[in-house]
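Here's the letter readout for the chains.
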Amino acid sequence: MTRIISGFAGSLRLAVPPFGTRPTSDRVREAIFSALEARDAIDGMRVLDLYAGSGALGLESASRGAAEVVLVDRGNAATKVGRENARLVTKAAPRGAAPKITVTSQPVQSFLGGTVGPWDLVFLDPPYDLGGVELTHNLEALAPVLSADAVVVLERSARDALPALPDGLELERTKNYGETAVHWLTPVAGSGADAGSAPDPDSDLTEEDTP
């Protein structure tokens, strides 16, 4: 079991698929969401949770004020659990203020090939054995459907190198938590679904933090 950390569904317990997923630890999720709230990147946003598993990352966003959340996973067990968890989070929402939560069962690449965006916040927590080439293809398909100020949070093993990034994305920073590396990616100015928006003056800064 895992739980929603904060927001209207705070402390709500979520089921986890019996196999084939690697839930993000509470410690890492707390750090991620603290950083996201500090940059006002959740409230009112459209959120994608790719390789969603239980949906804990996307549903945490919903609990904290995201306007729309889509959970994407090809696994039948993950999809079933994600739908039940989404139902519980929706039920916990204040009357008349439930976020839109959708759970879709399909490969991530197929989903990205059909979505139009713009998406404001994206979580990618693929299996550690997912190849770097396939992940790069995911990022290539994702980049054009991001909003100008979007944030992409990519989790990988701290032992693995960052996959090659497409032209539309750049690394903002990396933070290591034991065996988990969290890479923060942002769109390159002038790219994405709403290209032409004012560039972020700090978008060319790269830093790496380690414990």
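Here the structure is a predicted model, which is why all the values come from computation and not from measurement.

Caption draft 1: Main features of helix α2 (residues 56–63). Within α2, 8 of the 8 residues are buried, leaving the element largely enclosed by the surrounding structure. Of the residues making up α2, those classed as buried are Ala56, Leu57, Gly58, Leu59, Glu60, Ser61, Ala62 and Ser63.

Caption draft 2: Structural detail: the pattern of salt bridges. With the rule as written, the count across this model stands at 11 salt bridges. Salt-bridge contacts for Arg29 lead to Glu60; the nearest nitrogen and oxygen are separated by 3.3 Å. Taken as a pair, Arg29 in helix α1 (residues 26–38) and Glu60 in helix α2 lie far apart in primary sequence, 31 residues in all. An identical accessibility class is assigned to Arg29 and Glu60; each is buried. Its salt-bridge partner being Glu37, residue Arg64 comes within 3.2 Å of it at the nearest N-O pair. Taken together, the residues span a long stretch of sequence, with Arg64 in the loop between α2 and β4 (68–72) and Glu37 in helix α1 at a distance of 27 residues.

Caption draft 3: Expanded view of α1. Its 13 residues place the ends of α1 18 Å apart at the C-alpha level, agreeing with the 18 Å of an ideal helix rising 1.5 Å per residue. Those residues of α1 lying buried are Val28, Arg29, Ile32, Phe33 and Leu36. One face of α1 carries all of its buried residues, which in axial projection span an arc of 120°. Residues of α1 that are exposed and point over 90 degrees away from its buried face: Arg27 and Ala38. Its buried side turned inward, α1 meets β1 (2–3), α2, β6 (119–124), β7 (146–157), β8 (169–177) and β9 (180–187). One or two steps after α1, the chain reaches Asp40, where phi turns positive at roughly 55°.

Caption draft 4: Expanded view of the pairing of strand β3 (residues 46–50). For β3, the buried fraction is high: 4 of the 5 residues fall into the buried class. The sheet contact formed by β3 and β4 spans 5 bridges and is parallel. Each residue of the ladder has a partner; that of Val47, found in β4, is Val69. What joins β3 to β4 is α2, and the crossover it makes is right-handed. Pairing of β3 with β6 involves 4 bridges; the strand directions are parallel. Pairing of Leu50 across the sheet is with Leu124, part of β6.

Scoring rules and cut-offs
- Residues numbered from 1 in each chain as written.
- Predicted model: local features only at pLDDT ≥ 70, side-chain atom pairs only at ≥ 80, totals over all residues.
- Heavy atoms only, no water.
- Buried < 20%, exposed > 50% of the residue type's maximum accessible area, 1.4 Å probe, protein only.
- Helix = DSSP H or I, 4+ residues; strand = E, 2+ residues; numbered from the N terminus.
- Salt bridge = Lys/Arg side-chain N within 4 Å of Asp/Glu carboxyl O.
- Expected span 1.5 Å × (residues − 1).
- Arc of directions from axis to C-beta.
- Contact = heavy atoms within 4.5 Å.
- Pairing = 2+ DSSP bridges.
- Right-handed = clockwise from strand over helix to strand, strands pointing away.

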